[in-house]
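# A look at the structure
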Amino acid sequence: MPKLYEYLGYTLFVYSNEHEPVHIHVSYQERESKAILKVTLKKSDLDMLEIFGLDGKKLSWKEVEGRKPLKGHEKKEIETFILKHAFDICSKFEQSIIQRKKPIFERVTKRIR
């Protein structure tokens, strides 16, 4: 279970046996939910990534079987962090799941606005 980030008490990680679509598990206290990202490449600029969720939003949430889900205000708190770090999350997901390499863990202690 490679840990990718710690942010203000939240732990963001992936399971090493996971699969696409790109997603990240977020745990906080005794709760856990899964944030799903859909990545599309802009035709106008091959270096730019756009992040959209499955429902047209920037990301969508799913419950994790056997775990209590994050509360609404907790999801809102961590969404800003996830969207700000979406490109790095996608890179770390690829490193961990596709390349089978251990991604670099980061601890962020300042609130992202």
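Below is a short write-up of the structure. (Residues numbered from 1 in each chain as written. Predicted model: local features only at pLDDT ≥ 70, side-chain atom pairs only at ≥ 80, totals over all residues. Heavy atoms only, no water.)

Our next topic: the overall build of the protein chain. Counting its secondary structure elements, the protein chain contains 2 helices and 8 strands. In the protein chain, the order of α-helices and β-strands from amino to carboxyl end is β-β-β-β-β-β-β-α-α-β. Among the 113 residues that make up the protein chain, the fraction classed as buried is 41%. At a minimum sequence separation of 6, the contacts of the protein chain that also span at least 24 residues come to 53%. (Helix = DSSP H or I, 4+ residues; strand = E, 2+ residues; numbered from the N terminus. Buried < 20%, exposed > 50% of the residue type's maximum accessible area, 1.4 Å probe, protein only. Contact = heavy atoms within 4.5 Å.)

The terminal C-alpha atoms of helix H2 (residues 86-98) lie 17 Å apart, and with 13 residues this matches the ideal 18 Å at 1.5 Å per residue to within 8%. Listed as buried for H2 are Ala86, Ile89, Cys90, Lys92, Phe93, Ser96 and Ile97. Taken around the axis of H2, the buried residues stretch over an arc of 165°, which confines them to a single face. Positive phi shows up at Arg100, right after H2, with a value of about 60°. (Expected span 1.5 Å × (residues − 1). Arc of directions from axis to C-beta.)

Opposite charge on two side chains permits pairing when their charged atoms draw close. Taken as a whole and judged by the stated rule, the model has 6 salt bridges. The partner of Glu74 in a salt bridge is Arg31, with the nearest N and O atoms 2.3 Å apart. Here Glu74, found in helix H1 (residues 72-84), pairs with Arg31, found in strand S4 (residues 31-36); they are 43 residues apart in sequence, far enough to count as distant. Assessed through its relative accessible area of 3%, Glu74 is described here as buried. (Salt bridge = Lys/Arg side-chain N within 4 Å of Asp/Glu carboxyl O.)

Along an α-helix, residues three or four apart share an orientation, since each turn contains 3.6 residues. The first and last C-alpha atoms of H1 sit 19 Å apart over 13 residues, in line with the 18 Å expected at 1.5 Å per residue. Along its length, H1 reaches its greatest deviation from straightness, about 30°, at Ile78. The complete set of buried residues in H1 reads Glu74, Ile78, Phe81 and Ile82. (Bend = angle between axes of the 7 residues up to and from the residue.)

This next bit is on the packing of aromatic side chains. The relative placement of two aromatic rings is captured by the distance of their centres and the angle of their planes. For the structure shown, the criterion picks out 4 aromatic pairs. When the ring of Tyr10 is compared with that of Tyr28, the centres are 4.2 Å apart and the planes differ by 25°; the resulting orientation is stacked. Taken together, the residues Tyr10 in strand S2 (residues 10-13) and Tyr28 in strand S3 (residues 23-28) connect sequence positions 18 residues apart. A relative accessible area of 4% means that Tyr10 is categorised as buried. Taking 5.3 Å as the distance between ring centres and 90° as the angle between the ring planes, the aromatic pair formed by Phe13 and Tyr15 counts as edge-to-face. With relative accessibility at 3%, the residue Phe13 sits in the buried group. Following the ring pairs from residue to residue traces out a cluster consisting of Tyr5, Tyr7 and Phe81. Taking NZ or CZ as reference, Lys92 lies 4.2 Å from the ring centre of Tyr5, over its face. (Phe/Tyr/Trp six-rings, centres within 6.5 Å; stacked < 30°, edge-to-face > 60°. Lys NZ or Arg CZ within 6 Å of the ring centre and 35° of its normal.)

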